[in-house]
Structures are given as C-alpha cells and as structure tokens.
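Overview (structure and organization)
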Amino acid sequence: MSTPVFTPPSSSEDAARMRRAFAVAAHGLRVTPSGPEVWGWQGRTIGRRVGTSWLRVVSAPSGKAGGRMWDGTLLADQAVPRSVPRPRLRDVLDWTRGPDAYRAELSELVTTPAVVAGSPALDRDPGLPDGWWRDLRAATAELATVPTDREAVRQSWIDRNFRAFLGIDPVRISDRTTGHADLHWANLSAPALVVFDWEGWGRVPVGYDPGLLHAYSLTVPTVAARVRREFAAVLETPAGRAGELVALGHLLQACSRGVHPHLTPLIARHTEHLTGTPVPRRW
C-alpha cells in the first residue's frame, strides 16, 4: 500500500522531467491542458484536466515499469463492473526516455470533488448522506465479487512486520476478498460517490478496506463511528478484525517514516485498543 503525500517531487529536476513527460503525453494523445497541476504520491504522478478528460502520467525507472501498480488502472477498467462508480479509462500511452518509463492514462473527467483534497485523512465531518454510505457499501460488495490474481497485501509482509509495528505475533490471513487497497478520503468523492485511484487494487484481507478508511477517520470521531457502524458486519468478525490489524500495521509503518504525524497517536491508541498490547514507538 502506498501512503499518499500529495506534493511535487523533492528535486526541481524531477519536477521538470515530469512536466516534460506530461507535455509529451498531451501531444501524443492530442489533448490540450486546461487545468492546474495535481501531484500524486511523492511526485510520482502528475495530472491535469485536458478538456473533458483527465490526463495522468506516472513514471518509474525503466527496469521497474510494469507489474501490479503499473497496470492497476488499466486492469480495473477491464475487470471491475461499471456498477462500481469510477472514472472510465479512455486511452493509454506508454513510452521510455533514457532511464525512465512513463505511462499516460486519459480518463473520464469527474467534476465531483474528493471528500478531502490533497490528504487521505479527514479534517472535518463532511456530512455524508445515508445514500452515500449505501452506495459505498454496495460498491465494496460488488468489488469483492471480482475474480483476480492480483495480490495487494502479502502474507510475507505480515510475517516480517507485525511484531515491529504492532507488537504482536503475525496473524495468518485465510479470508481474502477483492478490494481497492487504498480506500481513503482523497480517493472518494461526494456528494455523488466515485472511487478514484485504482493502481493498487487486488486481493486483500477481509476487513482491510473498511479498517483503513476507519483509521483515516479517527481525526473526526463521529465519522469514525459511522464507518464502524456501516461495516460492522465485516469489522466485528474475527476475519475482519485481522484484516483491520493489517491495515493498521501498514499505517504504523508509514507513521514510523514521519507520515501523518497528527494521525499517528490516534492510530496507535486504536491499535492498542484492538490488541491489548502496547504499540512499539517508532516515531
């Protein structure tokens, strides 16, 4: 799971390189940029409105292009039913220049805004209506039926990291489902539900997606409580509890790197509530 930090690359050279790549993509796909830049995780992606579409360019070292994160959006467009609300993919363009590979994805423009712009965590109660929550439950239930061999969360990560970040023995995941794997508030729109960013979708532990969304809601207790009510049928089961712990472990690993400092103590406290064991302090 990638932990979003929505900023340009740390170096001006990388920022300039990504802007040049975006220009190449716009020319190749015959579209004209008409909106401000939106940067993705640590400047790895850059997106802009282009007329009635959205153009997003992702970059990776040429030897690391391909694989689960690279092909996620394209495969989701092919495999996930349209009943799961998301932007339609219109075109894809791949190329390599020097040591870097690029993929441009031209998608349907969604004008409904994300619940939170630029951060995965809530900063206020968005006042989401009951219908929005019904749509989210229906979308996750529909996604769960999609067959795939994409593995978004590996048992090997659990085995290596549970003691270090949760302070407990690793759990053995036997119940998996197909999930988004990065379900947070910048990837959900309102008042009409659209689910963004399908890079990492695949097989996840049952409870992983709602557990992740709940953790990103801890800054607003009323919404966190609503997430738990809406997904109680999953989260209040042994399998769902195990999946939630995996999501919390991923977040605690990110917190150890300085991400989400305001959220860190809330995640740690909630984890300790679930496990009854102190979380190793790594931040």
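**Observations concerning the overall build of the protein chain**
Within the protein chain one finds nine helices and seven strands. The C-alpha atoms of the protein chain give 19 Å as radius of gyration, which agrees with the globular expectation for 283 residues (19 Å, within 12%). Along the longest, intermediate and shortest principal axes, the C-alpha atoms of the protein chain span 55 × 40 × 35 Å. Relative to its full complement of 283 residues, the protein chain shows a buried share of 51%. Across the protein chain, every contact between residues at least 6 apart in sequence was considered, and the portion connecting residues at least 24 apart equals 71%. Accessible surface computed for the protein chain: about 12700 Å², of which carbon and sulfur atoms make up 52%. Counting 34 positive and 28 negative side-chain charges, the protein chain places the centres of these two groups 2 Å from one another.

**Some thoughts on empty space enclosed by the protein**
Under the counting rule described, the total for this entry stands at two cavities of 30 Å³ or more. Considered as a void within the structure, the second largest cavity measures approximately 50 Å³ in volume. Grouping the amino acids of the lining of the second largest cavity by side-chain chemistry returns seven nonpolar, two polar and no charged.

**Observations regarding unusual backbone geometry**
For the peptide bond that leads from alanine 190 to proline 191, omega is 10°, which places it in the cis range. One non-glycine residue, arginine 30, lies in positive phi territory at about 60°. Mapped onto the elements, arginine 30 comes out in the loop between helix H1 (12-29) and strand S1 (38-39). On the accessibility criterion, arginine 30 (79% relative accessible area) is exposed. Positive phi values are uncommon outside glycine, yet alanine 181 reaches one of about 75°.

**Re the packing of aromatic side chains**
Centre-to-centre distance and the angle between the planes together describe a pair of aromatic rings. For the structure on display, the rule yields four aromatic pairs. With a centroid separation of 5.2 Å and an interplanar angle of 20°, the aromatic rings of tryptophan 95 and tyrosine 102 are classed as stacked. Centroid distance tryptophan 132 to tryptophan 133: 5.1 Å. Interplanar angle 85°. Geometry classified as edge-to-face. Residue tryptophan 132 shares its accessibility class with tryptophan 133, and that shared class is buried. Three or more aromatic residues link up through ring pairs in this structure, and these residues are Trp132, Trp133 and Trp185.

**Regarding the pattern of salt bridges**
What the rule picks out here adds up to 20 salt bridges. Where glutamate 37 meets arginine 19, a salt bridge forms, and the shortest distance between an N and an O atom there is 2.7 Å. Here the residue glutamate 37 occupies a position in the loop between H1 and S1, and arginine 19 occupies one in helix H1, the gap between them amounting to 18 residues.

**Considering the packing of helix H3 (residues 130-143) against helix H6 (residues 221-230)**
Relative orientation and spacing of two packed helices are given, respectively, by the angle between their axes and the distance between those axes. Viewed as axis vectors pointing N to C, H3 and H6 meet at an angle of 50°, and their least axial separation amounts to 11 Å. Here H3 lies oblique to H6, going by the angle between them. Classified by chirality, the crossing of H6 by H3 is right-handed. Of the residues in H6, those touching H3 at Asp130, Trp133 and Arg137 are Val223, Arg226, Val227 and Glu230. Residue classes in the contact of H3 with H6 are distributed as three nonpolar, no polar and four charged.

**Focus: the sheet that holds S1**
The five strands are arranged S1-S2-S3-S5-S4 in an open sheet whose pairing can be described as antiparallel. The strands lining the two open edges of the sheet, one partner per strand, are S1 and strand S4 (89-97). Pairing between S4 and strand S5 (residues 100-108): eight bridges, direction antiparallel. Along S5, the bridge assignment pairs valine 92 with glutamate 105. Of the strands in this sheet, S1, strand S2 (45-50), strand S3 (53-61), S4 and S5 are in contact with H1, which crosses S3 at around 130°. Against the sheet, helix H2 (residues 68-79) makes contact with S3, S4 and S5, and its axis sits at roughly 30° relative to S5, the strand it touches most.

**Here's the deal with the pairing of S3**
Burial analysis of S3 places seven of its nine residues in the buried class, which makes it a mostly covered element. Strand direction decides the pairing type here: S2 and S3, joined by six bridges, are antiparallel. Looking across to S3, one finds that isoleucine 46 is bridged to valine 57. Hairpin connection of S2 to S3: two residues between the antiparallel strands, including glycine 51 at a positive phi of 65°. Where S3 lies against S5, nine bridges are found, and the strand directions are antiparallel. Residue tryptophan 54 lies in a different strand from S5, and its bridge partner there is serine 107.

Thresholds applied
Residues numbered from 1 in each chain as written. Predicted model: local features only at pLDDT ≥ 70, side-chain atom pairs only at ≥ 80, totals over all residues. Heavy atoms only, no water. Helix = DSSP H or I, 4+ residues; strand = E, 2+ residues; numbered from the N terminus. Rg over C-alpha atoms; globule rule 2.2 N^0.38 Å. Buried < 20%, exposed > 50% of the residue type's maximum accessible area, 1.4 Å probe, protein only. Contact = heavy atoms within 4.5 Å. Areas by Shrake-Rupley, 256 points an atom, 1.4 Å probe, with all protein chains shown as cover. Lys, Arg positive; Asp, Glu negative; His and termini not counted. Charge placed at Lys NZ, Arg CZ, Asp CG, Glu CD. 1 Å grid on protein atoms, 1.4 Å probe; cavity = no way out; pocket = protein on both sides within 12 Å on 5 of 7 lines; lining within 4 Å. Points joined across faces, edges and corners; volume = space filled by probe spheres on them. Nonpolar A, V, L, I, M, F, W, Y, C, P; charged D, E, K, R; others polar. Phe/Tyr/Trp six-rings, centres within 6.5 Å; stacked < 30°, edge-to-face > 60°. Salt bridge = Lys/Arg side-chain N within 4 Å of Asp/Glu carboxyl O. Axes fitted to C-alpha atoms, helices over the stretch in contact; angles between N-to-C directions. Parallel < 35°, antiparallel > 145°, perpendicular 65-115°, else oblique. Left-handed = near helix turned anticlockwise from the far one by under 90°. Pairing = 2+ DSSP bridges.

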